[in-house]
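# Inside the fold
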Amino acid sequence: MEGKTEKNPPSESELEEAECFQLTLYVAGQTPNSIKAFANLKRICEENLKGKYQIEVIDLLENPQLARGDQILAVPTLVRKLPPPVKKIIGDLSNTERVLIGLELRPK
Amino acid sequence: MADSERMKTSLPKCPTGILGLDEITEGGLPKGRPTLVCGGPGCGKTLLAMSFVVNGAIHYDEPGVFMAFEESAEELIQNMASLGWDLEELIKRKKLMIDHIHVEPSQIEETGEYDLEGLFIRLAHAVESTGAKRIALDTLEALFSGFTNTFILRAEFRRLFRWLKSKGLTAVITAERGERGITRHGLEEYVSDCVILLDHRLSDQVATRFLQVSKYRGSGHGTNEYPFLISKEGISVLPITSVALDHKVSVERVSTGIPRLDSMLGGKGYYRGSTVLVSGTAGTGKTSVAVHFIDAACRRGERCLYFAFEESPSQILRNMRSIGIDLQAWVKEGLLKFRAARATLYGLEMQLEAMREVVLEFEPRVIVVDPISNLVAVGAESDVKSMLTRLIDWLKTRGITSLFTDLTYHGGPQEATEVRISSLMDTWILLKMLEEKGERNRALYILKSRGMAHSNQIREFLITEKGIELLDVYLGPGGVLTGSARYVQEAREKAEALALRQEIERKERELERKRKAMEAQITTLKARFEAEEEELIKIINEAKEREESLAKGRKEMARLRQAD
């Protein structure tokens with residue numbers, strides 16, 4: 001399966017080969033947590049994935065049915081849709097190290 | 001009745017539609033409040049929660065939402081299809097929504113503050129799109145595996161239950177049984193209105209599920225552990241009226257089918273709607289006694305149901321023909337129905353449920369369970385007693401007269417073995433083999449019969465080709481005489497009676513003879529008297545003639561002398 005890529009952090013060359021990061025941030029309205037999360041995400045991506053990422057923000061208050069598809073319970077939730085596998089990071093993303101580990105940009 | 005009045009004044013209830021549970025909870029779960037259903041794996045938590053939601057949608061026009069944290073919607077739909085529920089149809093009609101909430105711990109990384117607003121949004125979306133009045137969360141505790149920050153989790157739980165109440169949703173929340181608390185994660189802290197515990201225990205190799213309403217704020221409820229079944233009709237907690245002993249009793253009497261046994265039972269037989277136990281060792285004629293009762297009931301035109309746990313129906317039919325009872329005719333007329341099964345094939349509760357279903361379907365006035373000992377063998381003593389109590393209560397409320405046969409073992413304490421069920425019986429007839437002078441003979445006596453004067457005699461009976469025949473009682477020095485001893489006694493008594501009759505006849509003949517002798521004497525005396533009388537009359541007449549002639553002579557002489 002994809003256990004290999006999950007366990008070993010991808011090398012620079014692998015990252016080059018991979019498509020760009022598709023990230024979805026689920027929020028529920030403009031809460032302090034969601035604002036913080038978006039700001040943190042933007043910053044982390046700029047610092048680590050410059051030019052290789054797309055961020056989509058979904059407000060569940062507007063599209064509640066979308067919560068079902070990605071199994072969203074907690075907000076904010078960041079979903080890494082690409083590259084596979086799908087990874088989820090919940091919270092306001094204030095701990096940059098943990099976000100990088102979650103996105104598999106740092107070894108655990 | 002007073003019950004319905006009480007229902008109105010007490011807190012509003014939301015019927016579960018689960019057989020028996022609504023009776024135990026006196027109407028259902030607290031309306032608009034959450035109920036905690038808690039038990040170990042395999043107890044039926046999911047089924048109970050689903051039954052509650054689906055019954056609401058089908059029977060009470062209350063749409064529902066099922067939030068599945070463990071199984072997917074497809075799995076649930078498939079599982080419930082085996083109970084005959086078409087969940088897809090309900091979903092299509094917007095009566096039901098199943099939302100599968102998948103919590104996969106390995107996928108989730110936590111960093112910083114968050115809340116479970118996503119869950120709330122999903123709940124709200126599901127509730128609003130169906131107009132749900134009922135909701136099930138199965139099982140909320142799965143969240144504990146997905147989120148490590150229990151502080152946030154607990155705060156969100158509190159918010160969740162507030163939210164459920166504010167929406168007026170009647171909720172069922174399932175939870176795993178914990179080792180220390182009621183639930184593993186202390187959910188009982190948040191749900192305090194009603195707590196239902198489920199358990200699944202194995203005793204004597206028979207697994208039984210139990211349900212207990214351990215808490216119900218603001219309402220009365222049955223507090224016992226009630227066994228329940230998961231059958232093809234879903235959950236049923238049995239029986240329906242086990243909570244109260246309030247069935248009506250009948251004064252009507254029904255014949256036992258054995259005239260002389262009727263006489264022993266106050267002349268009229270059993271009470272209608274009572275329970276009869278016929279116990280005895282192997283071969284004492286228990287089935288025959290039962291079959292007489294059935295035959296009599298069928299003759300009255302009543303439907304009878306025969307649970308044969310030992311013999312096959314055809315075997316019973318054949319055997320009973322040999323004692324002159326044609327059950328086949330009743331079967332043909334549709335008055336008699338057999339249900340044969342090995343009791344040990346099912347668990348006790350399953351058996352009870354199966355019996356209940358047949359009784360409901362056939363609506364008999366008389367049932368026979370032959371023998372009940374095979375049921376008893378299946379379960380632990382206390383389970384058997386509780387099952388039978390509930391079966392009997394249930395039968396009594398329906399006015400069904402029931403006869404149970406019980407096989408006891410030779411050499412064992414013949415009466416003690418049935419003590420566990422005998423207290424449930426109104427009439428107890430004991431069949432016995434009396435061993436005497438190298439013979440075994442059948443005897444019968446009534447150990448008890450509530451509410452009627454009954455014979456205290458031990459009666460010998462024969463099973464003849466015309467059925468059971470109770471014999472006269474012959475008492476010997478050692479008690480009742482049976483078999484050839486009775487026969488000898490009978491013969492002796494016959495001889496004595498004959499001798500007595502002969503004695504009387506002899507005396508009568510003697511009397512006759514004496515009368516005749518006396519009469520002969522009278523005749524001779526009379527004859528002698530008559531002879532003497534004749535002689536005397538002759539002499540008297542001669543004397544009179546002489547006297548006359550003398551007087552005549554004197555007169556003649558005087559005339560001649562011319563005396564005057």
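Below you will find a few notes about this structure. If you're wondering where the values come from, they're calculated on a predicted model, not measured in any experiment.

Here is what the cut-offs are and how they apply
- Residues numbered from 1 in each chain as written.
- Chains lettered and ligands numbered in written order.
- Predicted model: local features only at pLDDT ≥ 70, side-chain atom pairs only at ≥ 80, totals over all residues.
- Heavy atoms only, no water.
- Core = buried A, V, L, I, M, F, W, Y, C linked by side-chain atoms within 4.5 Å.
- Buried < 20%, exposed > 50% of the residue type's maximum accessible area, 1.4 Å probe, protein only.
- Helix = DSSP H or I, 4+ residues; strand = E, 2+ residues; numbered from the N terminus.
- Contact = heavy atoms within 4.5 Å.
- Phe/Tyr/Trp six-rings, centres within 6.5 Å; stacked < 30°, edge-to-face > 60°.
- Lys NZ or Arg CZ within 6 Å of the ring centre and 35° of its normal.
- Patch = residues over 30% accessible without salt bridge, like charges linked within 9 Å, V, L, I, M, F, W, Y side chains within 5 Å.
- Areas by Shrake-Rupley, 256 points an atom, 1.4 Å probe, with all protein chains shown as cover.
- Salt bridge = Lys/Arg side-chain N within 4 Å of Asp/Glu carboxyl O.

### Quick word on the nonpolar core
Grouped together as the largest cluster of nonpolar side chains are 44 residues, with contacts concentrated most on Phe69, Ile135, Leu137, Leu140, Leu143 and Leu164 of chain B. Counting residues per element, the ones that place at least two in this core are β3 (34–39), β4 (64–68), α6 (117–130), β7 (134–138), α7 (142–146), α8 (150–166), β8 (170–176) and β9 (194–203) of chain B. No other element matches the seven residues that α8 of chain B contributes to this core. Other than its neighbours up to four places away in sequence, Leu143 of chain B contacts Leu73 of chain A together with Phe69, Val103, Leu116, Leu119, Leu153 and Phe157 of chain B. Of all hydrophobic cores here, the second largest spans 40 residues; its members include Cys43, Val172, Val213 and Tyr226 of chain B.

### Topic: the side chain of Asn55 of chain B
Of note, Asn55 of chain B is situated in helix α3 (residues 45–59). Among all residues touching Asn55 of chain B, those that are not within four sequence positions of it are Thr16, Gly17, Ile18, Tyr60, Trp85 and Arg134 of chain B.

### Section: the packing of aromatic side chains
Residue and element names in this part refer to chain B. By the definition in use, this model includes six aromatic pairs over all chains. Seen from their ring centres, Tyr306 and Phe338 are 5.0 Å apart, and the 40° between their planes marks the pair as tilted. Of the two residues, Tyr306 is situated in strand β16 (residues 304–308) and Phe338 in strand β17 (residues 336–340); the sequence distance between them amounts to 32 residues. Residue classification places Tyr306 among the buried residues on the basis of a relative accessible area of 0%. The ring of Tyr216 is capped by Lys13, whose NZ or CZ atom sits 4.7 Å from the centre of that ring. The ring of Tyr271 has Arg253 sitting right over it, with the charged end atom 4.6 Å from the ring centre.

### Considering a nonpolar patch on the surface
Residues and elements named next belong to chain B. The grouping of Leu536, Ile539 and Ile540 at the surface amounts to a nonpolar patch, some 270 Å² of accessible area in total. Mapped onto the elements of the fold, Ile540 is located in helix α17 (residues 483–561). With relative accessibility at 45%, the residue Ile540 sits in the partly exposed group.

### Regarding unusual backbone geometry
Following Val75 of chain A, the chain continues into Pro76 of chain A via a peptide bond in cis, with omega recorded as -5°. Along the chain, Pro76 of chain A turns up in the loop between α4 (66–69) and β3 (77–82). Positive phi values are uncommon outside glycine, yet Leu93 of chain A reaches one of about 60°. In this structure, Leu93 of chain A sits in the loop between β4 (87–90) and α5 (96–102). The backbone of Lys94 of chain B sits at a positive phi, close to 60°, despite the residue not being glycine.

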